[in-house]
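Residue-level structural notes
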Amino acid sequence: MNSNVLKLIEKDPALSIGGYLSLDEAAASIGVERNRILRMATDHRLKLYCRLAGVPGHIVSIESLELDPSVSGGLGRIVPTRSQLPESSFEQTYNGVLSIPDSKQVASSIIAENLEHIDLVLFNLPEAAGKVFLPDSTILVAVGSIEVQAKAIDIIRVHLAREVTPEQIRRASALTDVARSLDGPGAGKLFSEAVEAYCTESEGLQKTLESSAEQRQRKAGILLFMEFMGDMRLKEIDADMLRAFRDGPLRSLPANSNRLPKDLRRSTMKEMVEVLKADGRTWPLMSLDMQGERMQWLSRFFKWVHEKKQWTSLNPAAPLSGETGRSKAEMKEIKRERRSRADEDEEGVRLFSQDELTRIFGQQHYKIGDGRHVTKPSYWYPFQYWIPLLGLYAGCRIKEASQLHLDDIRLEADVWCIDVNENTADKSIKNEQSKRLIPLHPKLIELGFLDYCERLRNVGYRRVFPDLTWAKTDAKYAKESIRKMSAMLLSLGMPRDNTNVFHNFRHNVNGMLSRVPMASLPFADENLKFVVRHLILGHLPGESVNMKHYTHITMLEMYALIAGIHYDLPPIAKLDIDFAIKCVQVALGKKKDDRQGREDMGPLNLEIYGT
């Protein structure tokens, strides 16, 4: 076919951006049948992949699986049932693209049996050599959705293009317009008609969104493209046009347009954008993340038009896969926005009042030093005692405190310190200046923090709060501590309105550090005090020559300032370490399968436990 000849000669944009394509997308991008690509896999010239989204399963060493004698080459393995998994297996929920171990065998079966779906039970892990992922249940995959690398398909395209003759190219070029006019049975449909079908047919938007309110919002978001770019026919819309919308009108949309002053509201978004430009008043724009969400809505719509309705031979949004259209600075801003939404730690803008501190540290577990008063002891954990204290006396962020290793509690120049770092893969910090040493306040030592850490070491733990579990979200180890902190503040009568959050403790510390009298310090320099205060909190003290002068601050000077903090709190009982260790053991005992009784080390699990 002439159109297929042109696809071989004129590289499809989808092949230029890298990443992965489904078999159907790959075949369409170079104008060949799906089986022709699969034959490349049967010759070991192409790897096949599968995209997983929230699939539960286990990570297992390939060597721990028995060889399958029915598979030639000694590559086949017998996949055990869940009850027969080796002891070294590790539970994991996987998101991402994984390679299919025996692509040749899979491709051969698909071709020989003319399959449209295939069962997959085993996947290679790209980040861990010798490890495989076993889903808890068989994954039924549509053959057309199996993925291949775009760069591999481009190599195939170049190879096939060498077989095209000049006469074939001339004839194809002359008939380009005709070929385009035959671009799918619905290519002549208007964009608005296609959107209406997508939003009303049961196999369209209604299949993914049950809420009618969400359906209306999604439809309005998709129709923004038509509002700014026009109601074109599907065959007239290409990737460049989508990029023009993404990088132009979409960037000008106001945030919370329904809250605009009445005199600025108009019936269409395009009119409101023009009115805002003419008015001169500044109004916040739609966040970068929300702009990206609108582009995802468009992408899903065009995918449905292409795959389900087959109105177009190519998906115009496919080449945008993997593109952000954003500068490095904008990508940093997107990540910052996400962290701000996901991490309550950074939202506080005030300090806790004296009354609020009295309520927090007047709770029963601070009065008696344990959680025996809780009906179910397993629902009280030592981090509920220590983490608020680490916030109040050390200025730790909740994520910093939650992820501490026992090795991070160490002596530096004869002063016990908290080492805030990201030296291991399971830890992260807000920014570079967040790396710091914080001298331990005498109150923390008095309440038994060092004794508690030493007992954990003796038992064999590696983390200060082994009862906290690592998550793949930005919260890391702090997911549960953030939840518990929020619930605790709510129970004490502090509304969840972003004014009463853990970050408030840092404002308390900052205020108290600034009020430590100079007479109690072994130095008499306000500038030095200013710099020490900023270093303790993980803030830049300034870039002036005067500030840079203080580059050799001693740990004793830092300790003198932090030891000068004094709060008017109710009496706090020393932690009952025996009870605390039992609570840790109960928490770990509640975990399932091979994780039971074992502290979570996040991405270090493979390294430490070999699973």
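Everything in this summary refers to the structure shown in the same document. (Residues numbered from 1 in each chain as written. Predicted model: local features only at pLDDT ≥ 70, side-chain atom pairs only at ≥ 80, totals over all residues. Heavy atoms only, no water.)

Here the focus is the packing of aromatic side chains. Under the criterion given, the structure shown has 22 aromatic pairs. A centroid spacing of 5.5 Å and a plane angle of 80° characterise the contact between Phe 225 and Phe 245, whose relative ring orientation is edge-to-face. Highlighted residues: Phe 225 in helix H10 (residues 212–229) and Phe 245 in helix H11 (residues 239–247), separated in sequence by 20 residues. For Phe 225, a relative accessible area of 0% puts it in the buried group. Accessibility expressed as a relative area gives 1% for Phe 245, which makes it buried. Ring centres of Trp 386 and Tyr 452 lie 6.0 Å apart, and the angle between their planes is 40°; this geometry places the pair in the tilted category. Of this pair, Trp 386 sits in helix H17 (residues 383–394) while Tyr 452 sits in helix H20 (residues 449–459), placing them 66 residues apart in sequence. This pair shows no difference in class: Trp 386 is buried, exactly as Tyr 452 is. Over the face of the ring belonging to Trp 311 we find Lys 189, whose NZ or CZ atom lies 4.9 Å from the ring centre. If you follow Arg 463 out to its NZ or CZ, it ends over the ring of Tyr 477, 3.8 Å from the centre. (Phe/Tyr/Trp six-rings, centres within 6.5 Å; stacked < 30°, edge-to-face > 60°. Helix = DSSP H or I, 4+ residues; strand = E, 2+ residues; numbered from the N terminus. Buried < 20%, exposed > 50% of the residue type's maximum accessible area, 1.4 Å probe, protein only. Lys NZ or Arg CZ within 6 Å of the ring centre and 35° of its normal.)

Here the focus is empty space enclosed by the protein. Scanning the model with the defined rule gives one cavity of 30 Å³ or more in all. Estimates place the volume of the largest cavity at around 30 Å³. Lining the largest cavity are Glu 400, Gln 403, Leu 404, Asp 408, Asp 419, Val 420, Asn 421 and Lys 427. When the residues that make up the lining of the largest cavity are grouped by side-chain class, the tally is two nonpolar, two polar and four charged. (1 Å grid on protein atoms, 1.4 Å probe; cavity = no way out; pocket = protein on both sides within 12 Å on 5 of 7 lines; lining within 4 Å. Points joined across faces, edges and corners; volume = space filled by probe spheres on them. Nonpolar A, V, L, I, M, F, W, Y, C, P; charged D, E, K, R; others polar.)

Residues of H11 that are buried include every one of Ala 239, Leu 242, Arg 243, Phe 245 and Arg 246, and no others. End-on view of H11: buried residues confined to an arc of 160°, all on one side of the axis. Its side-chain oxygen at 3.3 Å from the backbone nitrogen of Asp 240, Asp 238 defines the N-terminal cap of H11. (Arc of directions from axis to C-beta. Polar contact = N/O pair within 3.5 Å; in protein donor to acceptor, adjacent residues only side chain to side chain.)

Bringing the sheet that holds strand E11 (residues 436–439) into the picture now. With antiparallel pairing, the three strands of this open sheet are ordered in space as E9-E10-E11. Lying at the two open borders of the sheet, with one neighbouring strand each, are strand E9 (409–412) and E11. Pairwise comparison of adjacent strand axes, ignoring direction, gives a mean angle of 45° for this sheet. Sheet analysis places strand E10 (residues 415–420) next to E11, joined by four bridges and oriented antiparallel. The partner of Ile 418 across the bridge, within E11, is Ile 438. (Pairing = 2+ DSSP bridges. Axes fitted to C-alpha atoms, helices over the stretch in contact; angles between N-to-C directions.)

Once that is clear, we can look at unusual backbone geometry. The general pattern is negative phi for most residues beyond glycine and trans for most peptide bonds. Within the chain, Asn 114 stands out as a residue other than glycine whose phi angle is a positive 55°. In this fold, Asn 114 is placed in the loop between helix H4 (103–113) and strand E4 (117–120). Of note in this structure, Gln 310 is not a glycine but carries a positive phi near 55°. Among the structural elements, Gln 310 can be located in the loop between helix H13 (288–307) and helix H14 (328–342). Judged by relative accessible area, Gln 310 falls into the exposed class, the value being 53%.

In this section: a nonpolar patch on the surface. A surface patch of nonpolar side chains, about 250 Å² in accessible area, is lined by Leu 411, Trp 416 and Ile 445. Checked against the element boundaries, Ile 445 lands in helix H19 (residues 442–446). A relative accessible area of 35% means that Ile 445 is categorised as partly exposed. (Patch = residues over 30% accessible without salt bridge, like charges linked within 9 Å, V, L, I, M, F, W, Y side chains within 5 Å. Areas by Shrake-Rupley, 256 points an atom, 1.4 Å probe, with all protein chains shown as cover. Salt bridge = Lys/Arg side-chain N within 4 Å of Asp/Glu carboxyl O.)

Let's shift gears to the pattern of salt bridges. For the coordinates displayed, the defined rule picks out 25 salt bridges. Ionic pairing is found between Arg 246 and Asp 247, a salt bridge with its closest N-O pair at 2.8 Å. Residue classification places Asp 247 among the partly exposed residues on the basis of a relative accessible area of 37%. Between Asp 355 and Arg 359 there is a salt bridge, with its nearest N and O atoms 2.9 Å apart. Note that Asp 355 and Arg 359 are positioned in helix H15 (residues 354–360) at a spacing of four residues, about one turn of the helix. Taken together, the shared-partner salt bridges in this structure form one network comprising Asp 24, Arg 34 and Glu 116.

This brings us to the side chain of Arg 506. Assignment of secondary structure puts Arg 506 in helix H22 (residues 504–514). Buried charged residue Arg 506 carries no salt bridge. Nearest counter-charge: Glu 400, at 4.7 Å. When residues no more than four places from it in sequence are discounted, the contact partners of Arg 506 are Gly 391, Gly 395, Cys 396, Arg 397, Arg 436, Leu 537 and His 539. (Lys, Arg positive; Asp, Glu negative; His and termini not counted. Contact = heavy atoms within 4.5 Å.)

If you trace the backbone, Lys 484 turns up in helix H21 (residues 479–491). For Lys 484, the residues in contact, after removing those within four places along its chain, are Tyr 379, Tyr 381, Phe 383 and Gln 384.

On to H20. All of the buried residues in H20 are Phe 449, Leu 450, Tyr 452, Cys 453 and Leu 456. Take H20 and look down its axis: the buried residues cluster within an arc of 160°, on one side only. If you follow the buried residues of H20, they end up packed against H17, E9, E10, H19 and helix H26 (577–589). Remark: Gly 460 follows H20 within two positions and exhibits a positive phi of approximately 115°.

Attention now moves to the pairing of E9. By the bridge criterion, four bridges tie E9 to E10 in an arrangement that is antiparallel. Across the sheet, residue Ile 409 finds its bridge partner in E10, namely Ile 418. Hairpin remark: E9 followed by E10, antiparallel, with two residues in the connecting loop; positive phi at Ala 413, about 55°.

No statement about biological role is implied by the geometric values presented.
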